[in-house]
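Geometric and topological summary
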Amino acid sequence: VQEIDKFVEARLQEQALVIAKNIKTAMEITQQKVESDLKVAHDIVYTLGQPELDSAAMIEISAVNQATKEKMPVSIPAMKIGGQQVSGDYSIVDRIQKLVGGTATVFQMIPGGALRISTNVLNSDGTRAVNTYIPTDSPVYKAVAMGETYYGRAFVVNGWYQTAYEPIKDAAGKVIGMLYVGVKDASEPMLNSLAK
């Protein structure tokens, strides 16, 4: 009986290592795709023109914290790319999605975080998650606010994704927003199938 227990335990450890390696490989491949997707997204945005904030065109928004669901009113200058207002226009993010798959978002920095002003990330009810924001305590926000690109796993609205978030800068080099691309976390389906 003791020998059978040792044999079973050894097989289980081998299987656990194989599963862990498969999950790690899937996540690495997915992250490489996301990094490539960000290059395409960057080219799409900056081919249209230099992002800028137009303080002559203010927008009133009820911003929703994606983590706490708390709402706060914000008044922000319209972000424009190539003279076109981004808020409420989904042509950029939908073009990115059409070319690379996954999801895409243009964020604008606000007091308290980074606000989704154009996105094809969906809420649980199937509507676009516009006017939701990533709070300032998020590792994503902290990296981008410092001018760095964030790569890795992140919570996006209502699920985990493999992601890339790049600062969007105006002509003076100030971070005014961020560009996101991501795909559903590759480890989730594997872990869910193991739980069955």
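This structure is a prediction, so every number in the text was calculated from the model and none was measured.

Cut-offs used in this document
Going along each chain's sequence as written, the residues are numbered from 1 onward. Restriction of local features to residues with pLDDT of at least 70 applies here, the model being predicted, together with a cutoff of 80 or more for giving and counting side-chain atom pairs; totals for whole chains, interfaces and linings are based on all residues. Just so you know, side-chain values use all the structure's heavy atoms and leave hydrogens and water out. The nonpolar core is taken to be a set of buried Ala, Val, Leu, Ile, Met, Phe, Trp, Tyr and Cys residues, with the residues joined through side-chain atoms within 4.5 Å. Per-residue accessibility, obtained with a 1.4 Å probe over protein chains only, is compared with the maximum for each type, and a residue is labelled buried under 20%, exposed over 50%, and partly exposed between these values. For helices the rule is a DSSP run of H or I covering at least 4 residues; for strands it is a run of E covering at least 2, with both sets numbered from the N terminus onward. Every case where a carboxyl oxygen of Asp or Glu lies within 4 Å of a side-chain nitrogen of Lys or Arg is listed as a salt bridge. DSSP calls a pair of strands paired once it identifies at least 2 bridges connecting them. Geometry is summarised by axes, namely lines fitted to C-alpha atoms with helices restricted to the contacting stretch, and by angles between N-to-C directions that run from 0 to 180 degrees. Convention used here: angles under 35 degrees read as roughly parallel, angles over 145 as roughly antiparallel, angles from 65 to 115 as roughly perpendicular, and any remaining angle as oblique. With the far helix as reference, a near helix turned anticlockwise by less than a right angle produces a left-handed crossing, and one turned clockwise produces a right-handed crossing. The contact criterion used throughout is that any non-hydrogen atoms of two residues lie within 4.5 Å.

A closer look at the nonpolar core
Ile76, Ile96, Val106, Leu115, Leu179 and Val181 are the most contacted members of the largest nonpolar core, which has 30 residues in total. Every element with two or more residues in this core is listed here: helix 1 (2-48), strand 1 (51-65), strand 2 (71-81), helix 2 (91-100), strand 4 (103-110), strand 5 (113-119), strand 8 (159-169) and strand 9 (175-184). Judged by nonpolar contacts, the second largest core, of 19 residues, contains Phe107, Ala143, Val144 and Val157.

A look at the pattern of salt bridges
For the structure shown, the criterion picks out four salt bridges. Across the salt bridge formed by Lys80 and Asp54, the nearest N and O atoms sit 2.8 Å from each other. Here Asp54 lies in strand 1 and Lys80 lies in strand 2, a separation of 26 residues in the sequence. For Lys80, a relative accessible area of 17% gives the class buried. Measuring nitrogen to oxygen at the nearest pair gives 2.8 Å for the salt bridge that ties Arg128 to Asp94. Separated by 34 residues along the polypeptide, Arg128 in the loop between strand 5 and strand 6 (132-135) and Asp94 in helix 2 bring together distant segments of the chain. Assessed through its relative accessible area of 28%, Arg128 is described here as partly exposed. Classification of Asp94 as partly exposed rests on a relative accessible area of 27%.

A look at the pairing of strand 6
Note that strand 1 and strand 6 share two bridges and pair parallel. Within strand 6, the residue paired with Val64 across the bridge is Thr132.

Notes on the packing of helix 1 against helix 2
How two helices pack is summed up by the angle between their axes together with the distance between the axes. Across the interface, helix 1 lies against helix 2 with an axial gap of 10 Å and an inter-helix angle of 140 degrees. With respect to their mutual orientation, helix 1 and helix 2 come out oblique. Taken as a pair, helix 1 and helix 2 cross one another with a handedness that is right-handed. Taking contact as the criterion, the partners of Lys33, Asp37, Val40, Ala41, Ile44, Val45 and Leu48 in helix 1 are, on helix 2, Ile92, Arg95, Ile96, Leu99 and Val100.

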